[in-house]
Amino acid sequence: MIRFILLQNRQGRTRLAKYYVPFTDAEKHKIEHEVHRMVSNRDQKFTNFVDYQNGKIIYRRYAGLYFSLCVDSTDNELVCLEIIHLFVEILDHYFGNVRELDLVYNFHKVFVITDELVLSGELQESSKKVILDRLGILERIE
């Protein structure tokens, strides 16, 4: 199960935070700070998996953004990396070469994309085409 999803820039500013387990605001702030410190200071020759509390952080850096997932310790790391990659591909296709400013000014659309991909901490849809079709339908409704 995915516990939370974080998108952070190199400076540690959180651009997206989606939690699937309950945390207080103070705990969320602490988690965001700790996760950024761990992934940004980590040498690139190491794996993209870090033990964290009673789970694992799986992260990947694309351009200036860190995409991080916290999952249960029994979850498959490679599947989580594929979820991150799928998320980035969908964002890229939807925004046309996504940049950090796209996430800042269209955060509501990023949350919709996240909800189409992950629901209640589980992968809801793994097909890029299906997700993009659903997003197209939502665009027409608006």
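Before any of the text, the structure's been laid out above.
Residues numbered from 1 in each chain as written. Predicted model: local features only at pLDDT ≥ 70, side-chain atom pairs only at ≥ 80, totals over all residues. Heavy atoms only, no water.

Considerations on the sheet that holds strand E1 (residues 2-9)
Backbone-to-backbone hydrogen bonds pair the strands of a sheet. The strands run either parallel or antiparallel. One open sheet holds the five strands; their spatial order is E2-E1-E5-E4-E3, and the pairing between them is antiparallel. Both outer strands of the open sheet, strand E2 (14-19) and strand E3 (49-52), are each paired with one neighbouring strand and no more. Sheet twist, expressed as the mean angle between neighbouring strand axes with direction ignored, is 20°. In this structure, E1 lies alongside E2, joined through five bridges in antiparallel fashion. (Pairing = 2+ DSSP bridges. Helix = DSSP H or I, 4+ residues; strand = E, 2+ residues; numbered from the N terminus. Axes fitted to C-alpha atoms, helices over the stretch in contact; angles between N-to-C directions.)

Side note on the pairing of strand E4 (residues 55-62)
Buried residues dominate E4, accounting for six of its eight residues. Joining the antiparallel neighbours E3 and E4 is a turn of two residues, in which glutamine 53 adopts a positive phi near 50°. Sheet topology places E4 next to strand E5 (residues 65-72); eight bridges connect them, and they run antiparallel. Along E5, the bridge assignment pairs isoleucine 57 with cysteine 70. The hairpin formed by E4 and E5 contains two residues between the paired strands, and alanine 63 there has a positive phi angle of roughly 55°. (Buried < 20%, exposed > 50% of the residue type's maximum accessible area, 1.4 Å probe, protein only.)

A few points about the state of the cysteines
Considering all chains together, one arrives at zero disulfides under this definition. There is no disulfide at cysteine 70, and the cysteine sulfur nearest it, in cysteine 80, is 9.7 Å away. (Disulfide = S-S within 2.5 Å.)

Topic: the environment of glutamate 77
Note that glutamate 77 resides in helix H2 (residues 77-95). Glutamate 77 sits 35 residues away from arginine 42 along the chain, and the two C-alpha atoms are 17 Å apart. Excluding anything up to four places from it in sequence, glutamate 77 contacts Phe49, Lys56 and Ile58. (Contact = heavy atoms within 4.5 Å.)

In short, shape yes, function no, at least from these values alone.
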